[in-house]
Amino acid sequence: MVFGGASEARWQVNDATVWSGDPAGPARELETVREAGAGPERLAQVRAAIDAGDLREAERLLLTFEGRYSQEFLPFIDLGMRITSGHGDASYDGRTLDLDHAVVEESFRLGGALVHRRSWSSFPAGVLCIDLDSTEAIDLELSLDSPLRIARRFENVDGWGIELDVPVDGAPIHEDVVDEPHVYLPSGTATPEGYDPVAVARVAVSSDGRVTARNGILAIDGARRLFIVIASDTQAGSWWNDGGPVSRDGLADRAMQRARRAVDRGADTILEEHRLDAEKVRGGTRLDIGGHRSGTWDVESEVLRGDNDALTATVLAEYGRYLLASSSRDGSPPANLQGQWNSNIRPPWSSNYTLNINTQMNYWPAEVTGLTECVPPLIDLIRTIARQGEAVARELYGARGWVAHHNTDIWGWALPVGMGHGNPSWAIWMAGGTWLAHHLWDHYDFTRDLDYLANAAWPLLRGAAEFGLDWLIDGPSGQLRTIPSTSPENLFRGADGHPESLGESSAMDIALLRSLFERCLLALAALELDDPIANRLCSALARMPQPLLTSDGRIREWGSDETEVDPSHRHLSAVVALFPLDLITPEGTPELAEAAGRYLDVRGPGAMGWSWAWKMALRARLGDGEIARELFIEATHAFDRDPSRLAPLDGSEWGGLLPNLFSTHPPFQIDGNMGFSAALAEMILQSHAGRVHLLPALPRGWPTGSAIGLRARGGFSVDVSWVDGRLVSAMITNLRPDVARTTIVVDGVERDIKLAAGETRSLSVLPANRNG
């Protein structure tokens, strides 16, 4: 995070692997929960209590299934720069962020000196770089600090830096019953399992000035040129990448070697390598709404407070892609609740992974907007969760496969959280892993990479399906049901007026399981596997309940027709079948699509970034670009209240965009930004059920635009442009190594196409279907 400034500047630097906790934490907590009585026998008691209508008893029993909490993603270091030479008045021209090449540039004057500074984070070199040029010699000082406990400082010029102890336990800020929010081991000691929680940052510099180290400061005097490189290494990072324990000196040496290599190669070489990498990871995809894709735009006056929402849409579409590309690369954990940009030592909701919408939304734009390289970290996290989730499924529920609930962390936490007092509406939800598994399928569906499907995705998909099959049990009507069942974070009125969360077969449970089972069958067909699970999947699908409607014609959220405590609730769980799934479509299930629209009508607009983004995508699936645009305009106004005061969750206060375009309620959550990119892409292109829809939800207010390199399921890349609200050109490319077929849909007209490997075809020469 580049705060900038002339005479004084600050960079807040995070490492994606700086987390509280340790690898053995989830297993220890499962043992504790099991010893307290949770398990298959008690689950049977919970189910019996729900069937008997005794929801208080069911809740009491379920609270014993809750572990403590998943761990926190923590801020790392602060680098300060203070220019100490006297150059008269300072004037600062501001910061410019190049979204295409991921470089921040600053220019400022210090008296007669004109200073130009660039900052970038290089994935190929594994370092953070700051390059400074001045027309006159200047003196400056660098400082390093951290909100974490400092274990030691490296004071020599050739190896300046800082070593930090990382807490082995970090409690969420909402758990005020915890006496010690952060628990540290004595510096240099390890857990009984041999994990030493440490993180280190090393700094190397190259300058034409004189460099000295004194009293925790790195001083550079008489410099016209300065290249600063920061490299980090952590014990958690070594564990994440399947490495063994590394000594503190070993981590420090590895980081220093990386920093020195980068400095020796020089700023221009590292920057050019970085620019090429940024172009590669973004895949050539470009979204342009209203002809605003190129140029430099003032965030405050033109994006946040301007009168051109097409410009705002273009900027937000590319900004969300930029944020995901910057926070999710191979070898690191995936983007968390705040991406990687958490500055709080006690972050809201631990800045971890919330699995009932937020983590999934982070990755909604990954496939469709050409960020395929950003997906492997999510797959790695799912694999980590599955390892922990197998024991949780077996020990708590007597089930095969693997399970995850509401929260997880870098260590793969799979238990319910809540410390025995968390409301079951959010804490007791067994479908977190089921939803994550759909991303495994999507990665295959967009790429059609059979090696990936066979070796990476299928074992995890199969495990998620095994749990789902065992979680479904016979109901009184002969259908299968999930029980206990909740609809994430939502409540209904019980017979006595009491807010309730527990029931059976919520719409989200059934939709996620049905779609998972169907996709597993597709995977088996693609891999040509003869697996006995296929018969079980088919049998279960035949006995699962179909979507039901409320008395007023909306999609029913719970298994029975209940009255919501909050009809405008922020979650849209009941219509997950519409988006991101494709069980409900206007073409295939028009009655259900209409019921989904009524559900959204009652939910209304507002009130926080991720909820707005989901509503936009849902409206796009219904073909309603006008409401989608209205929601986007609501969501992207400038936020003028205190961003440090957390807003109530009831939607009574609406969020907006911070001065750097982060989406906040508050707090800031990056899922809103990622969700905007996905929803905007969904308005331009949709692909499901073997069809590619072009401009399915284009609003009248965005009459002109183009998109290059959007991805469609089936292994296609699509370019489109439109003028006066009408498609004027379209190109589709088969990215697969074999022949591919799909159906293009424009304004309700379908055209079948068949493309050879690598072939590109213009829509203008596509043959029409016989039926016109």
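In case you missed it, the structure is sitting above this.
Owing to the predicted nature of the structure, the values given are computational and were not obtained by experimental measurement.

## Here's the deal with the overall build of the protein
No. 1: When its secondary structure is counted, the protein shows 20 helices and 30 strands.
No. 2: What you see for the protein is a C-alpha radius of gyration of 27 Å, in line with the 28 Å of a compact globule of 772 residues.
No. 3: Looking at the protein residue by residue over its 772 residues, the buried ones come to 60%.
No. 4: Accessible surface for the protein amounts to roughly 28,100 Å². Of this, 49% is attributable to carbon and sulfur atoms.
No. 5: Computing the positive centroid from 70 side-chain charges and the negative centroid from 107, the protein places the two 3 Å apart.

## Looking at the pairing of strand β26 (residues 716-723)
No. 1: For β26, a buried count of six out of eight residues is recorded, marking the element as mostly surrounded by other parts of the structure.
No. 2: Both strand β25 (residues 705-712) and β26 contribute to a ladder of six bridges, which runs antiparallel. Counted as the bridge partner of Ala707 is Val720 from β26.
No. 3: Where β25 hands over to β26, the hairpin turn is made up of three residues, of which Gly714 adopts a positive phi near 105 degrees.
No. 4: As judged from the eight bridges shared by β26 and strand β27 (residues 726-734), these two strands associate in the antiparallel manner. When the bridges of β27 are listed, Asp719 appears paired with Met731.
No. 5: In sequence, β26 turns back onto β27 through a hairpin of two residues, with Asp724 there showing a positive phi of about 55 degrees.

## Re the pattern of salt bridges
No. 1: Counted by the stated rule, this structure contains 61 salt bridges.
No. 2: Arg214 is the salt-bridge partner of Glu141, the closest N and O atoms lying 3.9 Å from each other. Of the two residues, Glu141 sits in strand β6 (residues 127-145) while Arg214 sits in strand β12 (residues 210-214), which places them 73 residues apart along the sequence.
No. 3: For Glu141, a relative accessible area of 19% translates into the label buried.
No. 4: A relative accessible area of 38% places Arg214 in the partly exposed class.

## Thoughts on the sheet that holds strand β30 (residues 760-762)
No. 1: The strand order β14-β25-β26-β27-β30 describes an open sheet built from five strands, whose pairing is antiparallel. Across the chains shown, the open sheet's two edge strands, defined by having one partner strand only, are β14 (286-289) and β30. Taken over all neighbouring pairs, the strand axes of this sheet differ in orientation by 20 degrees on average, direction set aside.

## Let's talk about unusual backbone geometry
No. 1: Here the bond from Ile483 into Pro484 is cis, since omega is 0 degrees, no more than 30 degrees from zero.
No. 2: One can find Pro484 in the loop between β18 (480-481) and β19 (492-493).
No. 3: Residue Pro580 is bonded to the preceding Phe579 through a cis peptide linkage, with omega at 15 degrees.
No. 4: Mapped onto the elements, Pro580 comes out in the loop between α16 (533-543) and α17 (590-603).
No. 5: Positive phi outside glycine occurs at Met419, with the angle close to 60 degrees.
No. 6: Within the fold, Met419 resides in the loop between β16 (407-408) and α12 (424-427).
No. 7: Positive phi, close to 50 degrees, is recorded for Asp747, a residue that is not glycine.
No. 8: Following the sequence through the fold, Asp747 ends up in the loop between β28 (740-746) and β29 (749-755).
No. 9: Judged by relative accessible area, which is 65%, Asp747 ranks as exposed.

## Some points on helix α11 (residues 376-397)
No. 1: Taking 1.5 Å as the rise per residue, α11 with 22 residues should run 32 Å; its terminal C-alpha atoms sit 29 Å apart, in good agreement.
No. 2: Largest kink in α11: about 35 degrees, centred on Gln388.
No. 3: The positive-phi residue at the C-terminal boundary of α11 is Gly398, with phi of around 60 degrees.

## So, the sheet that holds β29
No. 1: With mixed pairing, the four strands of this open sheet are ordered in space as β23-β24-β28-β29. A single partner strand is all that each edge strand has here, and the edge strands are β23 (685-688) and β29. Recorded for the sheet is a direction-independent mean angle of 25 degrees between the axes of neighbouring strands.
No. 2: As defined by bridge partners, β23 adjoins strand β24 (residues 691-694) across four bridges and the pair is classed as antiparallel. Looking at the pairing, His688 lines up with Arg691 of β24.
No. 3: Across the sheet, helix α20 (residues 670-684) lies against β23 and β24, angled at about 85 degrees from β23, the strand it touches most.

## Overview of the packing of aromatic side chains
No. 1: The tally for this structure, following the rule as stated, stands at 23 aromatic pairs.
No. 2: With a centroid separation of 5.7 Å and an interplanar angle of 50 degrees, the aromatic rings of Trp19 and Phe73 are classed as tilted. Here Phe73 lies in the loop between α3 (55-62) and β2 (77-83) and Trp19 lies in the loop between β1 (8-13) and α1 (25-35), a separation of 54 residues in the sequence.
No. 3: Exposure remark for Trp19: the relative accessible area of 1% places this residue in the buried category.
No. 4: Aromatic pair Phe632 and Trp702: ring centres 6.0 Å apart, planes at 85 degrees, arrangement edge-to-face.

## Considerations on the environment of Met674
No. 1: By the secondary structure assignment, Met674 is in helix α20.
No. 2: Since its relative accessible area comes to 0%, Met674 is described here as buried.
No. 3: Between the C-alpha atom of Met674 and that of Ser663, which follows or precedes it by 11 residues, the distance is 9.5 Å.
No. 4: Not counting chain neighbours up to four residues away, the residues in contact with Met674 comprise Gly320, Leu323, Leu324, Ser327, Ala335, Met361, Asn362 and Pro365.

## Some points on the state of the cysteines
No. 1: The tally for this structure, following the rule as stated, stands at zero disulfides.
No. 2: For Cys374, which is in no disulfide, the shortest distance to another cysteine sulfur is to Cys129 and amounts to 19 Å.
No. 3: Unpaired in terms of disulfides, Cys538 finds its nearest cysteine sulfur in Cys520, a separation of 11 Å.
No. 4: On the basis of relative accessible area, Cys538 is assigned to the partly exposed category, the value being 42%.

## Focus on the nonpolar core
No. 1: Tyr397, Phe517, Trp614 and Leu694 are the most contacted members of the largest nonpolar core, which has 182 residues in total.
No. 2: Counting 39 residues, the second-largest nonpolar core is a separate cluster that includes Ala9, Leu218, Ala223 and Leu226.

## Quick notes on the side chain of Ser327
No. 1: Here Ser327 shows up in helix α8 (residues 309-327).
No. 2: Of the polar contacts made by the side chain of Ser327, one reaches the backbone oxygen of Leu323; its length is 2.7 Å.
No. 3: Here Ser327 is in contact with Pro333, Pro334, Ala335, Gly339, Gln340, Trp341 and Met674, once residues within four sequence places are set aside.

## Digging into helix α2 (residues 40-51)
No. 1: Over its 12 residues, α2 runs 17 Å from end to end, which matches the ideal 16 Å to within 8%, given 1.5 Å per residue.
No. 2: For α2, the complete set of buried residues consists of Arg42, Leu43, Val46, Arg47, Ala49 and Ile50. Here the buried residues of α2 occupy an arc of 160 degrees about the axis, which is enough to place them on one side.
No. 3: Packing partners of the buried residues in α2 comprise α3, α11, α14 (450-471) and β17 (473-474).

## Description of the pairing of strand β8 (residues 160-165)
Looking along a regular strand, one sees the side chains alternate between the two faces of the sheet.
No. 1: With respect to burial, β8 is a largely interior element, six of its six residues being buried.
No. 2: Burial along β8 is two-sided: Trp160, Ile162 and Leu164 facing one way and Gly161, Glu163 and Asp165 facing the other are all buried.
No. 3: Where strand β7 (residues 149-154) folds back onto β8 in an antiparallel hairpin, the turn is made up of five residues.
No. 4: As paired strands, β8 and strand β11 (residues 198-207) are joined by six bridges and run antiparallel to one another.

Rules of the game
- Residues numbered from 1 in each chain as written.
- Predicted model: local features only at pLDDT ≥ 70, side-chain atom pairs only at ≥ 80, totals over all residues.
- Heavy atoms only, no water.
- Helix = DSSP H or I, 4+ residues; strand = E, 2+ residues; numbered from the N terminus.
- Rg over C-alpha atoms; globule rule 2.2 N^0.38 Å.
- Buried < 20%, exposed > 50% of the residue type's maximum accessible area, 1.4 Å probe, protein only.
- Areas by Shrake-Rupley, 256 points an atom, 1.4 Å probe, with all protein chains shown as cover.
- Lys, Arg positive; Asp, Glu negative; His and termini not counted.
- Charge placed at Lys NZ, Arg CZ, Asp CG, Glu CD.
- Pairing = 2+ DSSP bridges.
- Salt bridge = Lys/Arg side-chain N within 4 Å of Asp/Glu carboxyl O.
- Axes fitted to C-alpha atoms, helices over the stretch in contact; angles between N-to-C directions.
- Expected span 1.5 Å × (residues − 1).
- Bend = angle between axes of the 7 residues up to and from the residue.
- Contact = heavy atoms within 4.5 Å.
- Phe/Tyr/Trp six-rings, centres within 6.5 Å; stacked < 30°, edge-to-face > 60°.
- Disulfide = S-S within 2.5 Å.
- Core = buried A, V, L, I, M, F, W, Y, C linked by side-chain atoms within 4.5 Å.
- Polar contact = N/O pair within 3.5 Å; in protein donor to acceptor, adjacent residues only side chain to side chain.
- Arc of directions from axis to C-beta.

So yeah, pure geometry; function would need other evidence.
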